[in-house]
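Structural overview for review
Residues per chain are reported as follows:
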Amino acid sequence: MFIFFLIIIATLSTFYMPASLLKVEASIYNNTASPYCIDWMGTNMFVEELKNNNITVDIVDKPDNLENSLKKGGLIVVIAPDKPIPINESLLIKKYLDNGTINIAVFDENITSNNLLEQLGIAIDGRLLLDPYTPNSPYYPVTEINLSNFSGIIRLNWASYMRRTIVSQQYHILIFSKTLGVVDLNNNGKLDPDEVSSSNTKKEYVTGIIMKTQNSTVLIFSDSYPLINSAFIHNYTLSKTMTQYLIELARKKNDRVIIPNYYYRSTSINVNIPFHFSILLLFFANTLHYFDDLMEKYVYSSNYLYLGFFTVVILTITLLLRSILGIKNITELRATSLIKQGIIIETLAAKNLRDKNVLKKRKKQIIANTWRILKNTYVQLRNIDIEDCVSKRNYKLLIELGIIGDQDIKHLEKLYKIYLKAIGKKKLPIIFNWRKTVFKYIMTTEYFLNKIGCSIIRKKGYKDAAYLIKKQI
């Protein structure tokens, strides 16, 4: 009741004092392994898992704060940084490793961590490892893992390999991950004839090592995938094993994990938020405990008195609102369902999906554009007119190349039928909800683009199809 009267006072006060704008600055992390990033590439789920196991997570946002965090001890975790680790920070981290204050864990398939790793006599090559026995993309390599209580054969994601740069007796090195594959010499993400030659086949590469000193441990793994959100969402077996081992390393160093967040790229935004001083009146309601006690003592003691009192209060509030605001009719409000748009990002088609007004007017156009993207991608990369194949029901070439299977044919035909309906050439199939159809259509198209190593949602390891969109839309 008191909150209600405070709101009335606040509403009336707005007529006498205008609101002001508060400028709020924020950083958005997208498609990066930052602990603040919540998309498929982010590591916020890894951080939550650490916290659920009573591990203190110190996310360092400024270089000046790194040494203070290192002094407290812990496990410093570096996951696929976007920027090279500076030499001075690499030397600083090694200093606290050598004196036994910290442990280190590095998960990176790129060369951005090499300034730090080279202080330990290790370097990541940066080129991908591909499986020569996988006929279709993605060519994820087979790996033998022996870590802690886990031992088995799994597939990595887009991984690289590591090599020694300095032979040192300072560290005892244990290899826990060996990968069978070939090196992607031109780093184009697919197997080329010179890469699958007999001299380059069936070779084992080191992808995971543990380096031990008397007081500290370093874990290096040349694939960041086990710790990113996508792996946690898919319940990736290696994610559980790696996370549990990192928790054990953190337990030995004050139950702390240190993550330098300034190694990741971000986008800065500025937002102006309207603010009025009357909002502060709501906080004074928390001091009205005395009146609340009186209400509880006299009104709540009787069910009949309680019901009657609040019936009167509700009617009074309703009449006051109608009188003050001039409301003649009260409109019934109903909750409606929300439509998830989460994972469709970064392409022009996706930007249309974010804008309800644009989507409302262009659902059929987006579907038509998406089909054309699929068609042109196949034409340019594989010289296959997929529309001609579907219209003539001639899938022999697609099946012989291993691009589609028998189960994929009906999905491809459905895409084509919806496209024809969208451009007005067919009346069937009957579609009741074009909005949901747009989302399903884009994700099914993404599946067929993945078959030839492309993506319209910027999935890691696939070619970006955005340039095709610019030509089609």
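Use the structure listed above.
Presented here is a report on the structure given in the accompanying data block. (Residues numbered from 1 in each chain as written. Predicted model: local features only at pLDDT ≥ 70, side-chain atom pairs only at ≥ 80, totals over all residues. Heavy atoms only, no water.)

This part takes up the overall build of the protein chain. The helix and strand inventory of the protein chain stands at 17 helices and 16 strands. Surface exposure of the protein chain reaches about 26300 Å², of which carbon and sulfur atoms provide 56%. (Helix = DSSP H or I, 4+ residues; strand = E, 2+ residues; numbered from the N terminus. Areas by Shrake-Rupley, 256 points an atom, 1.4 Å probe, with all protein chains shown as cover.)

Topologically, L401 is positioned in the loop between α14 (396–400) and α15 (406–422). Taking the C-alpha atoms as reference points, L401 and P135, separated by 266 residues in sequence, lie 8.8 Å from one another. Residues within four places of L401 in sequence aside, it is in contact with N136 and I384. (Contact = heavy atoms within 4.5 Å.)

Before going further, it helps to examine the side chain of T43. Within the secondary structure layout, T43 lies in the loop between β1 (20–28) and α2 (44–52). For T43, the residues in contact, after removing those within four places along its chain, are A33, S34, P35, C37, I79, L227, I228 and N229.

It is worth spelling out the layout of surface pockets at this point. Put simply, the second largest pocket is a space of about 480 Å³. Along the walls of the second largest pocket sit 20 residues, with M41, E109, N110, K460 and G461 positioned nearest its centre. Looking at side-chain class alone, the lining of the second largest pocket contains seven nonpolar, six polar and seven charged residues. (1 Å grid on protein atoms, 1.4 Å probe; cavity = no way out; pocket = protein on both sides within 12 Å on 5 of 7 lines; lining within 4 Å. Points joined across faces, edges and corners; volume = space filled by probe spheres on them. Nonpolar A, V, L, I, M, F, W, Y, C, P; charged D, E, K, R; others polar.)

The next thing to look at is helix α4 (residues 87–98). Helix length check: α4, at 12 residues, gives a terminal C-alpha distance of 16 Å against a target of 16 Å (1.5 Å per residue), a fit within 8%. Within the sequence span of α4, burial applies to E89, S90, L92, I93, K94, Y96 and L97. Contacts made by the buried residues of α4 are with α3 (66–71), β3 (74–79), β4 (102–107), α5 (114–117) and β12 (217–221). Just downstream of α4 lies G100, where phi reads positive at about 85 degrees. (Expected span 1.5 Å × (residues − 1). Buried < 20%, exposed > 50% of the residue type's maximum accessible area, 1.4 Å probe, protein only.)

Looking now at the packing of aromatic side chains. Enumeration according to the criterion identifies 11 aromatic pairs in this entry. Geometrically, the ring pair formed by W371 and Y416 is tilted, given 5.3 Å between the ring centres and 45 degrees between the ring planes. Linking W371 in helix α12 (residues 356–382) with Y416 in helix α15, this pair joins segments that are 45 residues apart in sequence. Look at W371 and you get buried, because its relative accessible area is 0%. According to the relative accessible area criterion, Y416 is buried, its value standing at 13%. Note on Y447 and F448: the rings are 5.3 Å apart at their centroids and 80 degrees apart in plane angle, and the pair reads as edge-to-face. (Phe/Tyr/Trp six-rings, centres within 6.5 Å; stacked < 30°, edge-to-face > 60°.)

So, about the pattern of salt bridges. Pairs may arise between side chains of opposite charge once their charged atoms sit close together. Inspection of the entire model under this criterion finds 10 salt bridges. One salt bridge in this structure joins R127 and D125, with 2.7 Å as the shortest N-O distance. Assessed through its relative accessible area of 30%, R127 is described here as partly exposed. Across the salt bridge formed by D388 and K392, the nearest N and O atoms sit 3.3 Å from each other. Classification of K392 as exposed rests on a relative accessible area of 58%. (Salt bridge = Lys/Arg side-chain N within 4 Å of Asp/Glu carboxyl O.)

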